[in-house]
Amino acid sequence: MADLAKFTQSDLDSVKDRMIKLIPEETYIKEVSFAIQAINQSEYLQKCSKESLQKAVYNTATTGLSLNPVLKFASIVPRYINGGYQAVLEPQYQGLVKLITDTGSVKTVYAHNVMKGDEFEVSYGTSTDITHKPKFASKEIEYTYAVAILHDGTKQIEVMNFADVCAIRGMSESYKAYEAKKIKQCIWVTHEGEMAKKTVIKRLVKYLPKTDRYEKLAEVVEMDNQDYPASDNQQQYLLNLLRTSIYGKDDSGEFLEKKILGGLSKLEFENIKKDLEENQIEPI
């Protein structure tokens, strides 16, 4: 922990060459400066492994999301994973909005929280619209909504009540660790409103037109989803695939079963699913 408290530019030398292949060296220097400042100001980031910190900083280059605190596109946050802290790049609400508009599929996109006492009305059908008149009388969130305006002027909207947002929050490994008092703070607690808006934006993304620049957005959403484990149904699906795969009869099958039953991230689920589907005894 003492070494991490003195985190310097030299600690990121191992990712420098890879980063400046993706971004200008001037941008690399700026992002490193933002990262070092954030790391050395956070007790919990100082507890993260150097490797995870390096990966989080590297992901600023792969995603194009700056750590500049003024822009609020992304930040490095500690997540409590398997009994320890790991640093990850966390896209913020504004960062997702940037990536969505960068795809060229929409003119603009925005999200708001509806507080208790606000006037709020949703219209679907031939005329999709939202009427929201804030009263600024409460800080209690009741609904969260996102609106994307397409280039032809049509609107795509997504609305979630706060109970649905909380259900997603409850699946977050970081929030579960906070609830269990394993950690003292969590982004879901310190930035509840922004996390609610980001949640509804991520749901809206599924319904937006896809372009040839959509891949980066999809990668960032998937990266952000790593704090949420695979569901029980997804776990069972993998176990069923395992039994009919070439791994089902040897030691590797036993290893995979233990790994699946031990809990998987969304990315681990997708990787194992692809491998098992490609290695079925009978092609599927």
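As the structure is a prediction and not an experimental result, all values here were calculated from the model. All residue numbers refer to position in the chain's written sequence, counted from 1. Two thresholds apply to this predicted model, a pLDDT of at least 70 for residue-level local features and 80 or more for giving and counting side-chain atom pairs, whereas whole-chain, interface and lining totals are computed over all residues. Side-chain metrics in this entry use all non-hydrogen atoms of the structure; hydrogen atoms and water are not considered.

Caption draft 1: Quick peek at the overall build of the protein chain. Only DSSP runs of H or I reaching four residues or more are called helices, and only runs of E reaching two or more are called strands; each is numbered from the N terminus. Of regular secondary structure, the protein chain possesses 12 helices and 7 strands. The globule rule is 2.2 Å times the number of residues to the power 0.38, and the radius of gyration it is compared with is taken over C-alpha atoms. At 21 Å, the protein chain has a C-alpha radius of gyration in line with the 19 Å of a compact globule built from 284 residues. Overall, the protein chain is about 60 × 50 × 40 Å in size when its C-alpha atoms are taken along their principal axes. Of all intrachain contacts in the protein chain linking residues separated by at least 6 positions in sequence, the fraction that spans at least 24 positions is 64%. As presented, the protein chain carries roughly 15700 Å² of accessible surface, and 50% of it is formed by carbon and sulfur atoms. Note on contacts: a residue pair is in contact if any heavy atoms of the two residues lie within 4.5 Å. Per-residue and other accessible areas were derived by the Shrake-Rupley procedure at a 1.4 Å probe size, with only the shown protein chains allowed to occlude residues.

Caption draft 2: Spatial organisation of the pattern of salt bridges. The salt bridge definition used is simple: a Lys or Arg side-chain nitrogen within 4 Å of an Asp or Glu carboxyl oxygen. Applying the stated criterion across every chain yields a total of 18 salt bridges. A salt bridge links K16 to E25, with the shortest nitrogen-to-oxygen separation between them at 3.5 Å. Here K197 makes a salt bridge to E194, at a shortest N to O gap of 3.0 Å. Taken together, the positions of K197 and E194, both in helix α8 (residues 192-205) and 3 residues apart, correspond to about one turn of that helix. For E194, a relative accessible area of 27% gives the class partly exposed. Look at the salt bridges and you will find they share partners, linking R79, E90, K198, K202, D224 and D227 into a network. For every residue, the accessible area (1.4 Å probe, protein chains only) is compared with the maximum for its type, and the residue is labelled buried under 20%, exposed over 50%, or partly exposed between those bounds.

Caption draft 3: Just helix α2 (residues 25-40), in detail. To estimate the expected span of a helix, count its residues, drop one, and scale the result by 1.5 Å. Across its 16 residues, α2 extends 22 Å between first and last C-alpha, which sits within 8% of the 22 Å expected from 1.5 Å per residue. Regarding α2, the residues found buried are Y28, E31, V32, A35, I36 and I39. Each buried residue of α2 sits inside an arc of 140° when the element is viewed along its axis, so together they form one side. By construction, the arc corresponds to the directions joining the helix axis to the C-beta atoms.

Caption draft 4: Geometry of the pairing of strand β7 (residues 155-161). Sheet topology places strand β6 (residues 141-149) next to β7; 7 bridges connect them, and they run antiparallel. Bridged to Y143 within β7 is N161. Paired strands, in this sense, are two strands between which DSSP finds at least two bridges. Here β6 hands over to β7 after 5 residues, with G153 in that stretch at a positive phi of 90°.

Caption draft 5: Structural view of the packing of α8 against helix α9 (residues 214-224). The interhelical angle for the contact between α8 and α9, taken along N-to-C directions, is 135°, at an axis separation of 11 Å. In terms of orientation, α8 lies oblique with respect to α9. The handedness of the crossing between α8 and α9 comes out as left-handed. Only Y214, L217, V221 and D224 of α9 make contact with α8, whose side of the interface consists of K198, K202 and V205. Three classes are used, and their members are as follows: Ala, Val, Leu, Ile, Met, Phe, Trp, Tyr, Cys and Pro are nonpolar, Asp, Glu, Lys and Arg are charged, and the others, Gly among them, are polar. In the contact of α8 with α9, the residues fall into 4 nonpolar, no polar and 3 charged. Here an angle of 0 to 180 degrees is reported between the N-to-C directions of two axes, which are lines fitted to C-alpha atoms, with helices fitted over the stretch in contact. In these notes the angle categories are as follows: under 35 degrees is roughly parallel, over 145 is roughly antiparallel, 65 to 115 is roughly perpendicular, and the rest is oblique. Handedness of a helix crossing follows the sense of rotation of the near helix relative to the far helix, less than a right angle counterclockwise being left-handed and clockwise being right-handed.

Caption draft 6: Local environment of the sheet that holds strand β3 (residues 108-115). The strand order across the open sheet formed by 3 strands is β3-β6-β7, and the pairing between neighbours is antiparallel. The sheet is open, and its two borders are formed by β3 and β7, each paired with just one other strand. Going from strand to strand, the sheet's axes swing by 15° on average, the running direction of each strand aside. Sheet contacts for α8: β3, β6 and β7; angle to β6, the most-contacted strand, approximately 45°.

Caption draft 7: Layout of the side chain of E31. With respect to the secondary-structure elements, E31 resides in helix α2. When charges are counted, neither His nor the chain ends are considered; positive counts come from Lys and Arg and negative counts from Asp and Glu. In this structure E31 is buried but unpaired, with K30 as the nearest side chain of opposite charge at 8.0 Å. For this analysis, a polar contact is any N or O atom pair within 3.5 Å, provided that within protein one partner can donate a hydrogen and the other can accept it, and provided that sequence-adjacent residues contribute only side-chain to side-chain pairs. Within the structure, E31 has its side chain in polar contact with the backbone nitrogen of L67 (distance 2.7 Å). The contacts of E31, once residues within four sequence positions are left out, are T60, S66, L67 and N68.

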